[in-house]
Amino acid sequence: MTSSSAPSRKALSKIACNRLQKELTEWQLNPPTGFRHKVTDNLQKWTIDVTGAPGTLYANETYQLQVEFPVNYPMEAPQACVCLMELVIFVPPAPSHPHIYSNGHICLDILYDSWSPAMTVSSVCISILSMLSSSPAKERPADNDRYVKNCKNGRSPKETRWWFHDDKA
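Residues numbered from 1 in each chain as written. Predicted model: local features only at pLDDT ≥ 70, side-chain atom pairs only at ≥ 80, totals over all residues. Heavy atoms only, no water.

*Asks:* Whenever I open this one, the sheet that holds strand S3 (residues 62-68) confuses me. Can you help?
*Replies:* Pairing in this open sheet of four strands is antiparallel, and the strands run S1-S2-S3-S4 from one edge to the other. In this open sheet, the two strands that pair with only one neighbour each are strand S1 (35-38) and strand S4 (87-90). Going from strand to strand, the sheet's axes swing by 25 degrees on average, the running direction of each strand aside. Note: strand S2 (residues 45-51) against S3, seven bridges, orientation antiparallel. By the bridge assignment for S3, Val50 is matched with Tyr63. With respect to the sheet, helix H1 (residues 14-29) is in contact with S1 and S2, its orientation differing from that of S2 by roughly 30 degrees. Lying on the sheet, helix H2 (residues 121-133) is in contact with S1, S2, S3 and S4; it crosses S2 at an angle near 35 degrees. (Pairing = 2+ DSSP bridges. Helix = DSSP H or I, 4+ residues; strand = E, 2+ residues; numbered from the N terminus. Axes fitted to C-alpha atoms, helices over the stretch in contact; angles between N-to-C directions. Contact = heavy atoms within 4.5 Å.)

Dropping the structure here:
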């Protein structure tokens, strides 16, 4: 695996590259249940298939996560965005969930305010699956249409002032 990326992207720092190589190796040896990494030659951008947990509203449904890492990962979280920035998003069609917008943006505090360099791609994936599994209904956030409309010009979720009010997700 290399850290090659689009020409406009900055290369990963040596720390980020080493950390991602380690995480990828650990993932290949012991992937989190319900997730499959699609192998590419780009260490800075991962595509991950997510399968809903048995006994949940999303059981046996498969969605795709796109994860892009910032140059200074893990000091900075991968971000949720449809544009070519650091991101963790569901590639549309995203699951209908009260904390997942139809453009794939995910309202989850560990992707923003609660990020810690101790977190890994696996721990983020497990948190996302837990969030999906705890949902009592398949529905979009109440402000989905307004939010998605405001993001049409490539606005990053990092620019959003998220309100993390649901401690059950």
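Here the narrative resumes, following the displayed structure.
*Asks:* When you look at the pairing of S3 in this model, what are you seeing that I'm missing?
*Replies:* Each regular strand carries side chains that alternate between the two faces of the sheet. Burial analysis of S3 places five of its seven residues in the buried class, the great majority of the element. As defined by bridge partners, S3 adjoins S4 across four bridges and the pair is classed as antiparallel. Each residue of the ladder has a partner; that of Gln66, found in S4, is Ile89. (Buried < 20%, exposed > 50% of the residue type's maximum accessible area, 1.4 Å probe, protein only.)

*Asks:* What am I meant to see in the environment of Gly34 here?
*Replies:* Relative to the assigned elements, Gly34 resides in the loop between H1 and S1. Residues Gly34 and Asn60, spaced 26 residues apart in sequence, show a C-alpha to C-alpha distance of 9.3 Å. Gly34 has contacts with Asp49, Val50 and Thr51, leaving out every residue within four places of it along the chain.

*Asks:* Looking at this structure, how should I read unusual backbone geometry?
*Replies:* Trans peptide bonds make up most of the peptide bonds, and negative phi angles are found at most residues other than glycine. Residue Pro74 is bonded to the preceding Tyr73 through a cis peptide linkage, with omega at 5 degrees. Following the sequence through the fold, Pro74 ends up in the loop between S3 and S4. Although it is not a glycine, Asn60 adopts a positive phi angle of roughly 65 degrees. Along the chain, Asn60 turns up in the loop between S2 and S3.

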